[in-house]
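# Report on the structure
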Amino acid sequence: MTAQTGSVTTVYQVTGMSCGHCEGSVSGEISQLPGVSSVKAVASTGEVTVASEAPLDDEAVRAAVDEAGFELAGRA
């Protein structure tokens, strides 16, 4: 099964987010990754939904989340 360009949505679980500022930090870092078209972080659930042109490298996402000061627990 191949994904269409611009239509990949992945939900990640991030630990440590507790407020809107946290959401902004995580969203800001992930949105800088190549191919990312939108990021929606929800602190109350710890879920970060990422839309991208192609599947993202989990390690790149992990590095972006680490840069924001949080931990990527994996895919939700």
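Keep in mind that this is a model prediction, so the values were computed, not measured.

## Things to note about helix α1 (residues 20–31)
- For α1, built from twelve residues, the straight-helix expectation of 16 Å at 1.5 Å per residue is met to within 8% by its first-to-last C-alpha distance of 16 Å.
- Elements in contact with the buried residues of α1: β1 (8–15), β2 (36–42), β3 (47–52) and α2 (58–67).

## Some points on the pattern of salt bridges
- All told, the structure shown has two salt bridges when counted by the stated rule.
- Note that Arg75 and Asp58 form a salt bridge whose closest N and O atoms lie 2.8 Å from each other. Residue Arg75 is found in strand β4 (residues 71–75), and its partner Asp58 is found in helix α2; the two are separated by 17 residues along the sequence.
- Taking relative accessible area as the criterion, Arg75 reaches 49% and is therefore assigned partly exposed.
- Put simply, Arg62 and Glu59 hold a salt bridge, and the shortest N to O gap is 3.5 Å. Note that Arg62 and Glu59 are positioned in helix α2 at a spacing of three residues, about one turn of the helix.

## Examining the environment of His21
- Note that His21 resides in helix α1.
- As a C-alpha pair, His21 and Thr45 span 24 residues in sequence and 15 Å in three-dimensional space.

## Some remarks on the nonpolar core
- In terms of nonpolar packing, the biggest core is built from 19 residues, with Val14, Met17, Val26, Ile30, Val48, Val61 and Phe70 touching the most fellow members.
- Setting aside residues up to four positions removed in sequence, Val48 forms contacts with Thr10, Val11, Tyr12, Val14, Met17, Val26, Ile30, Val39, Lys40 and Ala41.

## As for the sheet that holds β4
- Pairing in this open sheet of four strands is antiparallel, and the strands run β2-β3-β1-β4 from one edge to the other. Because the sheet does not close on itself, it has two edges, and the strands there are β2 and β4. Shown here is a sheet whose adjacent strand axes are inclined to one another by a mean of 30 degrees, direction ignored.
- The sheet contacts of α1 involve β1, β2 and β3, and relative to β2 the element is tilted by about 160 degrees.
- The strands touched by α2 are β1 and β4; relative to β4, the strand with the most contacts, the crossing angle is about 150 degrees.

What counts, and where the lines are drawn
- Residues numbered from 1 in each chain as written.
- Predicted model: local features only at pLDDT ≥ 70, side-chain atom pairs only at ≥ 80, totals over all residues.
- Heavy atoms only, no water.
- Helix = DSSP H or I, 4+ residues; strand = E, 2+ residues; numbered from the N terminus.
- Expected span 1.5 Å × (residues − 1).
- Contact = heavy atoms within 4.5 Å.
- Salt bridge = Lys/Arg side-chain N within 4 Å of Asp/Glu carboxyl O.
- Buried < 20%, exposed > 50% of the residue type's maximum accessible area, 1.4 Å probe, protein only.
- Core = buried A, V, L, I, M, F, W, Y, C linked by side-chain atoms within 4.5 Å.
- Pairing = 2+ DSSP bridges.
- Axes fitted to C-alpha atoms, helices over the stretch in contact; angles between N-to-C directions.

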